[in-house]
Amino acid sequence: MNLKMANKLLIGSHVSMNKPEYFLGSVKEALSYGSTSFMFYTGAPQNSFRVPLEMLRIGEGKKLMSSSGIEEKDIVVHAPYIINLASPKEETFNMSVDVLTKELKRTHAFGAKTLVLHPGSHVGGGLEFGINQIAKGLDIALDQANNDVTIALETMAGKGSEVGSKFEELAEIITLCKNKDKLGICLDTCHMSDSGYDISQIDVLIEKMNETFGSNRVKCIHINDSKNPRGSHKDRHANIGYGEIGYDIIHRFVFHPLFENVPKILETPYIEEKPPYKEEISMLKNSYIDGWMEKFIK
Ligand code: FE
Ligand code: FE
Ligand code: ZN
């Protein structure tokens, strides 16, 4: 018999994790959007203060996940922004390695297998220096944490001195690392377009991945429209269909067979303080609704 069950679409959004329900609340939020996957920060993205794991209601969250069909391997953690492995300041580098090590351990405690990380900004230290420091820092943190979590390096928009806006840079980091089997890639549709890639040519883009880091390394895809045209290096996310990329191209990414088993995560902006994810997920599963945002606001 050669019958293959059609896999479910792996889609979700970033969700919050706040008291009093913490991780249980994150799972509930994801389910309220009709998600089959989700991404979260294990604390505030801007700092390294972290509520102890025992308080985060992880067991209850995992239970709700298993009874509602979200698998642990399909959830993703995003590392805090304060980590900058490419920093020319020794103090910042050491702090970054330390926070990253802790974050790898925390990710493991939630059952997640993927930790998304911004490679870093070299802030004047130079691109090659930045790439070398990132590779060095990744190896130290991965050795120290020594678990089954993969770090997915995010494709960046190329704002300021960000490292990783070119596939070649990400590939070079991986080449320099000893722990290659624990490194993956997180594509971000807004960032790739802002960096200059023509993401309407998805198969050309995949070929480009295969010439560099290899498309099999893609562990997560951030699904965002962009407020700015291709090559703008701005990194301003837009709601689906309300940016320069548009619904059709984003839809093609979401349903590309190569990425069938890769979680697709929306990081689009809130509209009048309300999350748009239920509507955006439903549109990606069905079809685009013209003027949906106007209806959403009412
Ligand atoms: Fe990110
Ligand atoms: Fe992103
Ligand atoms: Zn972004």
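All values derive from a computational prediction rather than experimental measurement.

**Description of the coordination of the zinc ion (ligand 3)**
Right, on to step 1. Protein-derived ligands of the zinc ion (ligand 3) are His191 (NE2), Asp235 (OD) and His237 (NE2), with the metal-ligand distances lying across 1.9 to 2.2 Å.
Right, on to step 2. Taken as a pair, the zinc ion (ligand 3) and the iron ion (ligand 1) lie 5.5 Å from each other. Taken together, the residues His191 in helix α6 (residues 189-195) and Asp235 in the loop between β8 (225-226) and β9 (237-238) connect sequence positions 44 residues apart.
Right, on to step 3. Classification of Asp235 by relative accessible area gives buried; the value is 18%.

**Observations regarding the packing of helix α4 (residues 127-145) against helix α5 (residues 167-176)**
Right, on to step 1. Contact geometry for α4 and α5: axes closest at 9 Å, N-to-C directions at 45°. By the angle class used here, α4 and α5 are oblique. The chirality of how α4 crosses α5 is right-handed. Here Leu127, Glu128, Ile131, Asn132, Ile134, Ala135, Leu138 and Asp139 of α4 come into contact with α5, specifically with Glu169, Glu172, Ile173 and Leu176.
Right, on to step 2. In the contact of α4 with α5, the residues fall into 7 nonpolar, 1 polar and 4 charged.

**Looking at the coordination of the iron ion (ligand 1)**
Right, on to step 1. Looking at the metal site, the iron ion (ligand 1) is ligated by His78 (NE2), His118 (NE2) and Glu154 (OE), spaced 2.2 to 2.3 Å from it.
Right, on to step 2. We note that the donor set of the iron ion (ligand 1) lies within a single chain, spaced as H-x39-H-x35-E.
Right, on to step 3. A spacing of 3.4 Å is found between the iron ion (ligand 1) and the iron ion (ligand 2), which share Glu154 as a donor. Taken together, the residues span a long stretch of sequence, with His78 in strand β3 (residues 75-78) and Glu154 in strand β5 (residues 150-154) at a distance of 76 residues.
Right, on to step 4. By relative accessible area, Glu154 is classed as buried at 1%.

So, how was this worked out
Residues numbered from 1 in each chain as written. Chains lettered and ligands numbered in written order. Predicted model: local features only at pLDDT ≥ 70, side-chain atom pairs only at ≥ 80, totals over all residues. Heavy atoms only, no water. Donors = N, O, S within 2.8 Å, 3.2 Å for Na, K, Ca; no water. Helix = DSSP H or I, 4+ residues; strand = E, 2+ residues; numbered from the N terminus. Buried < 20%, exposed > 50% of the residue type's maximum accessible area, 1.4 Å probe, protein only. Axes fitted to C-alpha atoms, helices over the stretch in contact; angles between N-to-C directions. Parallel < 35°, antiparallel > 145°, perpendicular 65-115°, else oblique. Left-handed = near helix turned anticlockwise from the far one by under 90°. Contact = heavy atoms within 4.5 Å. Nonpolar A, V, L, I, M, F, W, Y, C, P; charged D, E, K, R; others polar.

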